[in-house]
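So the chains spell out like this:
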Amino acid sequence: MDRPYIICHMMQSIDGRIACDMVDKISGDEYYDALAALDCSSHVEGKHSYQLHYCGFDEFKPTHPGGIDKEKWYIAGKADGYSISVDTRGVLLWDDTDNTDRLCIVSEQASPEYLAYLENKGISYIAVGKDSIDLPRAMEILYKEFGVKRVAVVGGGKINGSFLSAGLIDELSAMIAPGIDGRMGQPALFDGVKDHEKFEPEKLDLKDVKVLPNGVIWARYDITH
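Residues numbered from 1 in each chain as written. Predicted model: local features only at pLDDT ≥ 70, side-chain atom pairs only at ≥ 80, totals over all residues. Heavy atoms only, no water.

Trainee: Help me get a handle on the nonpolar core, residues and values and all.
Mentor: Among the nonpolar cores identified, the biggest contains 31 residues, and Leu103, Ile105, Ile126, Met139, Leu142, Phe146 and Phe163 are the most heavily contacted of them. Put simply, the parts of the chain that give this core at least two residues each are strand E1 (5-12), strand E4 (83-86), strand E5 (102-106), helix H5 (135-144), strand E7 (150-153), helix H6 (157-165) and strand E8 (171-176). With five residues, the single largest contributor to this core is H5. The contact partners of Phe163, leaving out residues within four places of it in the chain, are Ile6, Val44, Leu135, Met139, Val153, Leu168 and Ile169. Within the second largest apolar cluster, 17 residues are counted, among which are Ala19, Ala34, Ala152 and Leu212. (Core = buried A, V, L, I, M, F, W, Y, C linked by side-chain atoms within 4.5 Å. Buried < 20%, exposed > 50% of the residue type's maximum accessible area, 1.4 Å probe, protein only. Helix = DSSP H or I, 4+ residues; strand = E, 2+ residues; numbered from the N terminus. Contact = heavy atoms within 4.5 Å.)

Trainee: Could you give me a rundown of helix H2 (residues 30-37), with the residues and numbers involved?
Mentor: Helical geometry: 3.6 residues make up each α-helical turn, so side chains three or four residues apart lie on a common side. Every buried residue belonging to H2 is among Glu30, Tyr31, Ala34 and Leu35, and all of these are buried. One side of H2 holds all its buried residues, which, seen down the axis, span an arc of 135°. When the buried face of H2 is taken as reference, the exposed residues oriented beyond 90 degrees from it are Tyr32, Asp33, Ala36 and Ala37. Backbone geometry just after H2 places Asp39 at a positive phi near 60°. (Arc of directions from axis to C-beta.)

Trainee: I'd love a proper account of the pattern of salt bridges, names of residues and values included.
Mentor: Across all of its chains, the model carries twelve salt bridges by this definition. Among the salt bridges present, the one from Glu171 reaches Lys207, with a minimum N-O distance of 3.3 Å. Taken as a pair, Glu171 in strand E8 and Lys207 in strand E9 (residues 204-211) lie far apart in primary sequence, 36 residues in all. Of the residues examined, Glu171 reaches a relative accessible area of 1% and is grouped as buried. On the basis of relative accessibility, which here comes to 40%, the residue Lys207 falls in the partly exposed class. Put simply, Glu71, Arg137, Glu140 and Lys144 are held in one network by salt bridges that share partners. (Salt bridge = Lys/Arg side-chain N within 4 Å of Asp/Glu carboxyl O.)

Trainee: Lay out the sheet that holds E8 with the relevant residues and their values.
Mentor: With respect to topology, ten strands assemble into an open sheet ordered E3-E6-E5-E4-E2-E7-E1-E8-E10-E9, the strand pairing being mixed. Of all the strands in the sheet, the pair left with one neighbour each is strand E3 (72-74) and E9. Each adjacent strand pair in this sheet contributes to an overall mean axis angle of 20°, direction not counted. In terms of strand pairing, strand E2 (residues 42-46) meets E4 through four bridges, oriented parallel. Considered in E4, the bridge of His43 is made with Ser83. Here helix H4 (residues 112-120) sits on the sheet in contact with E3, E5 and strand E6 (124-127), set at roughly 155° to E6. (Pairing = 2+ DSSP bridges. Axes fitted to C-alpha atoms, helices over the stretch in contact; angles between N-to-C directions.)

Trainee: Outline the pairing of E7, supporting the account with residue identities and numerical values.
Mentor: When E1 meets E7, the two strands line up parallel, connected through four bridges. By the bridge assignment, Ile7 is partnered in E7 with Ala152.

Trainee: How would you explain the pairing of E2 if you had to name every residue and give the values?
Mentor: Along E2, four of the five residues are buried, which leaves the element largely enclosed by surrounding structure. Two strands pair when backbone bridges link them, and E2 and E7 are joined in this way by three bridges, in the parallel orientation. Along E7, the bridge assignment pairs Ser42 with Val151.

Right, dumping it as structure tokens:
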């Protein structure tokens, strides 16, 4: 399958928690400097991350609920890189700023009204997957139709876990800040991977490790699948 090279890039505490309000207290700009070095101009985040940091928690409510029941994509404009949201039902609300580099991945459960809303906002989208987003197919369309060759998946834990479960992550770029969270219920680097009788952990091959001046460890791994 032709698809982008996909790197999961995250900053975490020693105990693997990724809550931004905590991580900000134990690290500086290392995360963003490293992200720039990875040469991934397109970034993917999950719906909850977008609600927390960009969109708020109000949701789009169609007048006539019901999905499109077919694969579809729309290119509002080509960009050097895209800010990509993953939003199964199509509920995130967007403002009227320049949306040239905005791309929404939704499932076929998204309503025709929501897709029309995105088009009116000048937002590109990929709608694929009957009951949930078909991530492998979405990545194939992203590569072939939008010309995206490299992507950084930058959280949260559930979207990271979804890409991992789909076998789509080629490399893990894990930054470990010198601090401990320890609180119950905080998001982890990967979450939501289904347990089963023959479960095996993903195995990693270390390709590089650096200790940065303030004690942040930056480790890069190939994922062997």
